[in-house]
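Examining the three-dimensional arrangement
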Amino acid sequence: MRICSTCVLPETFPGIRFDENGKCSYCKKYRGQDNQDQLKERFKDKFLGVLKDTKGKGPYDALMAYSGGKDSTYTLTRLKEDFGLRVLAITFDHGFVSPMALENIRKVTDALNVDHIAFHPGGGTLCEVFVKSMRPGMYPIKALERASSICNSCMNIVKSFLLRTAIEMEVPLVAYGWSPGQAPIQSSVFKTNGSMVQQMQQAMLKPVRDMVGNRLSAFLLEERHYENKSADPGSRFPYLVHPLAFMNYDEERILESIRELGWVDPKDTDANSTNCLLNGFANQVHMEQHAFHPYAFEIAGLVREGYMTRDEGLKKLSTPSDPKVIAYVKQKLGLTDSV
């Protein structure tokens, strides 16, 4: 398979093109590190400006989507220690969180003295969502460029629950621990509004509702959350932030920092996750259906921006998942080897 000579994107990636030197169209569009540094400063300043306007006006300054993985752990740490925010960490326990990740969540939230809640919809309903997510065509190919279909379903539930909670509790920020390769700097500080959220949620949650009807409605946004109940309608809707996009991202430094809090590297997850047992199976299904790794786009961005070497990126994408973990996941989902 042809792979970009600069990053790690393969010829099977949607819309990709190569020049005569084997460089892909995504690398050719990259405007260089100086431009990235300017964007980082711009959006860090924007983030600080948002904090100036919102910090200290409620019981919490931010909700944090906390998976227990290295990036969300580091983000939570920085929000608390560098920016002095009062954070409520929220974990989606989808039934496949690594036991070590669950222990890491307990250790880190205790060490940081951060409030934490976890939500766990019925396991049977979630397994049904994950199995039905494997059906071709559940999500548009654009959504599958950055994540598998199973992960899309999981993330859409998380995003909706956090927005719902932020609106109900009047929390001004919803934070995610996305790496610089997962989402662009330009989206790292983003103010939502009612019509925008409603439109996004209707598109994102339609597949989930098509799968299981209203069985997850208690965890998702409803029509009442879009109603204007104040003189300033926009005040009900939070900023979405992912601070790692404008911070210095160094995986070794991140690991060193969070290990001081008691965080331990899980040994049962795949090469691209430090919290989820389901991830390796989701990747496998994605590659069988689409012939490219769902983490290829993220890792290509990390390679392009110098956070990872190309060889390191290729190794992450080629390292197989533990067959025992894959077998455990399939058994729990009620799948056989013939599926």
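Just above sits the structure.
This text gives an overview of the structure that appears in the document. Source: prediction; values computed, not measured.

**With respect to the packing of aromatic side chains**
Evaluated as defined, the whole model comprises 13 aromatic pairs. For the pair F47 and F83, a centre-to-centre distance of 5.1 Å together with 90° between the ring planes defines the contact as edge-to-face. Placement of the pair is F47 in helix α2 (residues 33–54) and F83 in the loop between α3 (70–81) and β2 (87–92), with a sequence separation of 36 residues. Ring geometry for F161 against F219: centres 6.3 Å apart, planes inclined by 45°, an arrangement best described as tilted. With F161 in helix α7 (residues 149–169) and F219 in the loop between α8 (194–212) and β6 (239–241), the pair connects residues that are 58 residues apart, well separated along the chain. Judged by its relative accessible area of 11%, F161 falls in the buried class. Taking relative accessible area as the criterion, F219 reaches 19% and is therefore assigned buried. Its end group placed over the ring of F237, R236 keeps NZ or CZ at 5.9 Å from the ring centre. Directly above the aromatic system of F96 lies the positively charged group of K332, at a separation of 4.8 Å from the ring centroid.

**Some points on the sheet that holds strand β4 (residues 173–175)**
Read from one edge of the open sheet, 6 strands run β3-β2-β1-β4-β6-β5, paired in mixed fashion. Two strands bound the open sheet, and with one partner strand each, they are β3 (115–119) and β5 (189–191). Across the sheet, the mean angle from the axis of one strand to that of its neighbour is 25°, orientation sign disregarded. Across 3 bridges, the pairing between strand β1 (residues 62–65) and β4 is parallel. Paired with M64 across the two strands is A175, which belongs to β4. The sheet contacts of α3 involve β1, β2 and β4, and relative to β1 the element is tilted by about 160°.

Rules of the game
Residues numbered from 1 in each chain as written. Predicted model: local features only at pLDDT ≥ 70, side-chain atom pairs only at ≥ 80, totals over all residues. Heavy atoms only, no water. Phe/Tyr/Trp six-rings, centres within 6.5 Å; stacked < 30°, edge-to-face > 60°. Helix = DSSP H or I, 4+ residues; strand = E, 2+ residues; numbered from the N terminus. Buried < 20%, exposed > 50% of the residue type's maximum accessible area, 1.4 Å probe, protein only. Lys NZ or Arg CZ within 6 Å of the ring centre and 35° of its normal. Pairing = 2+ DSSP bridges. Axes fitted to C-alpha atoms, helices over the stretch in contact; angles between N-to-C directions. Contact = heavy atoms within 4.5 Å.

Purely geometric stuff here, so don't read any function into it on its own.
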